[in-house]
Each structure stands twice: as structure tokens, then as C-alpha cells.
Amino acid sequence: MEKKKITVIGSINMDLVTKVSRVPLVGETVIGESFYTAPGGKGANQAVAAARLGAQVSMIGCVGGDTFGRELISNLESELIDTSKVEVVSGSSTGIASITVSGGDNSIIVTPGANNLVTPEFILRHEKAISESDIIILQLEIPLETVKLAASIAKKHGVKVILNPAPFQVLPEQLLNDVDYLTPNEHEQKQLLLSLNSEQKEEILKKCIVTQGPKGVAIYKDGVGEIPGYRVEAIDTTGAGDTFNGALAFALSEGMELKEACQFANAAAALSVTKPGAQGGMPTRDEVKALIK
Ligand code: RIB
């Protein structure tokens with residue numbers, strides 16, 4: 001059977017990760033325990049999550065003409081992701097994320113750099129690739145206008161759209177209408193609901209799959225209900241949501257029903273937190289199957 005095509009349109013960052021016993025208060029300096037750089041960016045993470053499970057994945061995005069940009073493209077290629085639509089923009093810096101990991105949890109500052117150059121004009125050049133996809137995945141680390149246009153192109157061509165509304169922004173009505181699956185975490189879900197009127201709330205909630213960390217997943221879409229989380233030792237939760245999104249796209253593209261697809265993605269996300277780095281713990285299909293058993 002020919003593999004379904006998943007296209008991820010989004011951010012590609014280098015993560016600059018500091019491990020520290022506790023996050024400093026404003027004006028305070030604390031001594032870090034360790035530092036490393038690792039490939040990240042919500043878009044790239046979601047692409048890697050799906051590809052490592054065995055999906056055919058294409059990435060659309062921008063990096064700067066610097067060392068980080070080159071490293072990030074070769075990282076995507078090493079995961080067998082098609083990078084022919086990743087543009088290297090000389091004169092721009094590659095996006096970075098400054099991440100503090102403390103007690104398994106993280107806080108992140110993203111500086112988008114070249115990710116801001118994933119403009120609507122850029123996306124229009126890739127309409128064909130979007131139209132030939134089975135599923136596209138979007139997040140909010142590239143300009144919102146671009147996300148809106150990509151979703152409308154996908155909708156026009158009957159391509160399913162997963163939107164991970166992270167980091168949260170108020171979403172225009174047209175975008176909300178064009179999306180098939182909305183995958184906020186609990187925090188983003190609260191912000192999303194606050195931004196909607198009561199009529200919209202009811203409609204939009206029907207598209208939501210809410211990731212709740214160790215508590216599992218609340219699937220409002222199709223009224224599926226809750227699925228529990230896994231008990232695992234969390235070393236680093238960075239990228240858990242991205243793993244969920246990439247795995248959800250993979251599972252849906254494999255023809256799984258929504259509940260089964262969410263169970264699969266939930267298991268993949270649980271495994272992802274057991275190793276350091278956003279992409280470090282992303283599992284293979286066999287590893288997910290083994291956990292589910
Ligand atoms: O979701 C985790 C990701 O958010 C990190 O890899 C970082 O790059 C930020 O984009």
C-alpha cells in the first residue's frame with residue numbers, strides 16, 4: 001500500500017537547553033547543571049515524530065544561512081524527511097529556542113528568526129505540495145496569516161488539517177472553520193475558550209483533542225471522551241505535545257479510528273518524555289506498539 005503523505009508547515013529551531021535545579025526568580029542568577037544544543041521547533045519536531053513512526057513526511061519552512069540552519073536540515077534529512085521545500089535564507093538567522101529544564105518541566109523563549117519568513121507568498125509557491133498531501137500539520141511559530149492561508153488551501157483541496165495552537169494566539173474565525181483537528185494542551189484550551197463567544201465555543205470544542213500531560217487526553221471531537229495517561233518517569237517534557245501531533249497524523253494516515261489514533265499518539269507522547277531533548281525520546285512504531293500492549 002502506498003504511504004499517505006503528511007506535510008508539516010512550521011518552525012525549525014535550534015534548542016539551546018540549560019538544565020537547572022530551579023528556575024531563577026526575576027533579577028536572580030542561578031548556576032546551571034548542564035547545557036546542550038538539540039534540533040527543535042514545533043514544526044520540525046512534529047515532522048520528526050511522524051517520520052520516525054514510518055510516515056512519508058515533507059517539511060515546509062525556512063532556516064537562516066548559518067551553521068544551525070545547515071545542521072537542522074541535515075537532521076531532518078537523517079530522519080528521511082523531504083526537505084526540498086525548506087528554504088535557506090541567507091542574511092537571516094535560524095530560529096532558536098532558549099529552554100530551561102528543571103525537575104522534568106520546561107520553560108521556553110522562542111526567537112523566530114527565519115521562521116518569520118514563512119510568509120503567505122512563500123506558502124502560495126507550495127500550493128501543489130499541500131494539495132497532494134493527505135494531512136497537513138500546522139502550529140503557531142510562523143506568521144498567523146501563513147497558517148490561515150495554508151489551512152484554507154488544504155481545505156480547498158480536501159486535505160485534512162491538524163492545528164496545534166501553540167504557542168497560543170487568538171485564532172481568526174476562518175482558520176477555526178478550516179481546521180479539522182485542534183490539539184491544544186489544557187492551558188491553551190483555556191485561552192482558546194476565553195477567546196470565543198458561546199456559540200463558537202460549542203462548535204470549536206467539537207474539533208478539540210486536549211492533551212493533558214500525565215492525565216492523558218480529552219477527546220471532545222466526535223464525543224469520544226477521555227483516555228488515561230501513562231505512568232512514566234519524565235526526564236524532559238519538551239516536545240511531548242509535538243510527539244502527540246506527529247503521531248496523531250501518522251495514526252490517522254494509517255486509517256486508525258479517532259480513539260485508537262489518540263491512544264497511539266498518547267503512548268508515543270508518554271515515551272517521548274523519558275529521554276532528554278525534544279526529539280531525543282520520540283519513539284518508533286514498534287516502541288509505541290510495545291507500550292500499548
Ligand atoms: O514544543 C517544543 C518546542 O518548542 C521546542 O523544540 C522549541 O524549539 C519550541 O519551539
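Everything discussed here concerns the structure shown above.
What you see is a predicted model, and the numbers here were worked out from it, not measured in a lab. (Residues numbered from 1 in each chain as written. Predicted model: local features only at pLDDT ≥ 70, side-chain atom pairs only at ≥ 80, totals over all residues. Heavy atoms only, no water.)

Chemist: Kindly report on the overall build of the chain, identifying the contributing residues and their values.
Modeler: Broken down by element type, the chain carries eleven helices and 13 strands. Relative to the 2.2 N^0.38 estimate, which gives 19 Å for 293 residues, the radius of gyration of the chain is 18 Å and therefore close to what a compact globule would have. Taken along the three principal axes of its C-alpha coordinates, the chain extends 50 × 45 × 45 Å. The proportion of buried residues among the 293 residues of the chain is 52%. In the chain, the share of contacts with a sequence separation of at least 24, taken over all contacts with a separation of at least 6, comes to 68%. Only carbon and sulfur atoms are counted for the fraction: they give 52% of the accessible area of the chain, which is about 13100 Å². Mean positive and mean negative side-chain charge positions of the chain (27 and 35 charges, respectively) differ by 3 Å. (Helix = DSSP H or I, 4+ residues; strand = E, 2+ residues; numbered from the N terminus. Rg over C-alpha atoms; globule rule 2.2 N^0.38 Å. Buried < 20%, exposed > 50% of the residue type's maximum accessible area, 1.4 Å probe, protein only. Contact = heavy atoms within 4.5 Å. Areas by Shrake-Rupley, 256 points an atom, 1.4 Å probe, with all protein chains shown as cover. Lys, Arg positive; Asp, Glu negative; His and termini not counted. Charge placed at Lys NZ, Arg CZ, Asp CG, Glu CD.)

Chemist: Could you give an account of the site of the ligand, with specific residues and numbers?
Modeler: Close to the ligand lie 14 residues; Asp15, Gly41, Lys42, Glu141 and Asp242 are nearest. Take Gly41: an N or O atom from its main chain is 2.8 Å from an oxygen atom of the ligand. Here an oxygen atom of the ligand sits 2.7 Å away from a polar atom, N or O, in the side chain of Asp242. Bound to the protein, the ligand loses 96% of the 280 Å² it would expose on its own. Of all the elements in the fold, those that place two or more residues in the shell around the ligand are strand 2 (13–19), helix 1 (42–52) and strand 7 (105–111). The residue makeup of the shell around the ligand, split by class, is four nonpolar, six polar and four charged. (Near = heavy atom within 4 Å. Polar contact = N/O pair within 3.5 Å; in protein donor to acceptor, adjacent residues only side chain to side chain. Nonpolar A, V, L, I, M, F, W, Y, C, P; charged D, E, K, R; others polar.)

Chemist: Residue-level account of unusual backbone geometry, with values.
Modeler: With an omega of -10 degrees, the peptide bond running from Ala166 to Pro167 counts as cis. One non-glycine residue, Leu80, lies in positive phi territory at about 65 degrees. Locating Leu80 in the fold gives a position in the loop between helix 2 (67–78) and strand 5 (82–89). Phi is positive for Asp222, close to 55 degrees, though the residue is something other than glycine. By secondary structure assignment, the location of Asp222 is in the loop between strand 12 (217–219) and strand 13 (225–227).

Chemist: Break down the environment of Ser90 for me, with residues and values.
Modeler: With respect to the helices and strands, the residue Ser90 is situated in the loop between strand 5 and strand 6 (95–102). Judged by relative accessible area, Ser90 falls into the exposed class, the value being 64%. As for Ser90 and Thr67, which are separated by 23 residues in sequence, their C-alpha atoms are 11 Å apart.

Chemist: Pulling in residues and values, what's your account of the side chain of Thr94?
Modeler: Considering the arrangement of structural elements, one finds Thr94 in the loop between strand 5 and strand 6. Accessibility expressed as a relative area gives 3% for Thr94, which makes it buried. Each residue touching Thr94, except ones within four places of it in the same chain, is listed here: Ile12, Val63, Gly64, Asp66, Phe68, Gly69 and Leu72.

Chemist: Summarise the environment of Lys128; cite the residues concerned and give the values.
Modeler: Within the secondary structure, Lys128 sits in helix 4 (residues 127–131). Residue Lys128 is classed as exposed on the basis of its relative accessible area of 59%. Separated by 26 residues in the primary sequence, Lys128 and Ala154 place their C-alpha atoms 10.0 Å from one another.

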